[in-house]
Amino acid sequence: MSSLIARDELRAAINAGTVTVVDALGGDYYARQHLPGAVPLIEADVSARAAELLPDRQAAIVTYCSNPSCPNSGRVADRLTALGYTNVRKYAEGIEDWVAAGLPTESGALTR
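Since the model is a prediction, treat every value here as computed from it, not as a measurement. Sequence positions are assigned chain by chain, starting from 1 and proceeding in written order. Residue-level local features of this predicted model are given only where pLDDT is at least 70; pairs of side-chain atoms are given and counted only at 80 or more, and the full residue set underlies all totals for whole chains, interfaces and linings. Excluded from the side-chain calculation are hydrogens and water; included are all heavy atoms of the structure.

### Considerations on the overall build of the chain
Piece 1. Helices and strands together make up the secondary structure of the chain, namely five helices and five strands.
Piece 2. Seen in sequence order, the chain has helices and strands lined up from the N terminus as β-α-β-α-β-α-β-α-β-α.
Piece 3. For a compact globule of 112 residues, the expected C-alpha radius of gyration is about 13 Å, and the chain comes in at 12 Å, within 12% of that figure.
Piece 4. Taken over the C-alpha atoms alone, the chain extends approximately 35 × 30 × 25 Å along its principal axes. Working definition: helices are DSSP H or I runs of at least four residues, strands are E runs of at least two. Numbering for both runs from the N terminus. What the globule rule says is 2.2 Å times the number of residues to the power 0.38, and the radius of gyration is computed from C-alpha atoms.

### A closer look at helix α3 (residues 46-53)
Piece 1. Three or more residues of α3 are buried, namely Val-46, Ala-50 and Leu-53. Here the buried residues of α3 occupy an arc of 85° about the axis, which is enough to place them on one side.
Piece 2. Contacts: residue pairs with any heavy atoms within 4.5 Å of one another. Looking at the buried side of α3, the elements it contacts are β3 (39-40) and α4 (72-82). Summary of the burial criterion: residues with accessible area below 20% of their type's maximum are buried, those above 50% are exposed, and those between are partly exposed, where the area comes from a 1.4 Å probe applied to protein chains only. What the arc describes is the spread of directions from the helix axis to the C-beta atoms.

### Considering the sheet that holds strand β4 (residues 61-64)
Piece 1. Within the open sheet, the five strands sit side by side as β1-β5-β4-β2-β3. Their pairing is parallel. With partners counted over all chains shown, the strands left at the sheet margins are β1 (3-4) and β3, one partner each.
Piece 2. Two strands pair if DSSP finds at least two bridges between them. Direction of pairing for strand β2 (residues 20-23) relative to β4: parallel, over a ladder of four bridges. Bridging from a neighbouring strand, Thr-20 pairs with Ile-61 of β4.
Piece 3. Packing against the sheet, helix α1 (residues 7-16) makes contact with β2, β4 and β5 (88-91), and its axis sits at approximately 120° to β5. Orientation is described by axes fitted as lines to C-alpha atoms, over the contacting stretch for helices, and by angles from 0 to 180 degrees between their N-to-C directions.

### Description of the pattern of salt bridges
Piece 1. In what follows, salt bridge is the name for a side-chain nitrogen of Lys or Arg lying within 4 Å of a carboxyl oxygen of Asp or Glu. In this structure the tally under the stated criterion is four salt bridges.
Piece 2. One salt bridge connects Arg-7 with Asp-97, and the closest N-O pair in it is separated by 2.8 Å. One end of the pair, Arg-7, is in helix α1; the other, Asp-97, is in helix α5 (residues 94-100), with 90 residues separating them in the sequence.
Piece 3. A residue is classified by how much of its surface remains accessible, and Arg-7, at 26% relative accessible area, is partly exposed.
Piece 4. Here Arg-11 and Asp-8 are joined by a salt bridge, their closest N and O atoms 3.3 Å apart.

### Looking at α1
Piece 1. Among the residues of α1, Leu-10, Ala-13 and Ile-14 are the ones counted as buried. All buried residues of α1 project into a common sector of 100° when viewed along the axis, lining one side. Exposed residues on α1 whose side chains face more than 90 degrees from its buried face are Asn-15 and Ala-16.
Piece 2. Check the buried side of α1 and you find it contacts β2, β4, β5 and α5.

### Remarks on the pairing of β4
Piece 1. Taking every second residue as pointing to the same face, both faces of β4 are buried, with Ile-61 and Thr-63 on one and Val-62 and Tyr-64 on the other.
Piece 2. After leaving β4, the chain enters α4 and then returns to the sheet as β5, a path that is right-handed. For crossovers, right-handed means that the path from the first strand over the helix to the second runs clockwise, given strands pointing away from the viewer.

And the structure:
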C-alpha cells in the first residue's frame with residue numbers, strides 16, 4: 001500500500017518539477033480536466049505503458065483519481081509498486097479536492 005501525500009505538498013512538488021503526477025481516471029475524464037503536467041494511466045494499462053510513461057523507477061510519482069472513495073489511484077499505485085517503482089504516493093483527496101481549493105488544472109489529451 002502506498003503512502004499518502006497532502007494537497008499542499010503535492011502542489012509544491014508540481015511547482016518545483018520534482019514529481020510525476022499520474023491521472024488514474026484516464027480517457028474523457030483526463031481530457032476534460034487533470035492536474036498540471038499529469039499523465040493518464042489507468043490500471044488496465046499499467047503493465048503495457050508504465051515503462052514508456054514513467055521510465056525512472058526511482059522517481060517521485062503521485063497517483064490520483066476523483067476523490068477518496070475512488071479506488072483507481074490506489075490500484076494504479078499498487079501496480080506500479082509491484083512493477084518495481086520505489087517512490088509512489090497517492091493523493092487520496094483527488095481532483096475534486098484540488099479544484100475545490102481553486103488550484104489550476106489542464107485539459108486536453110496527452111500528446112506524447
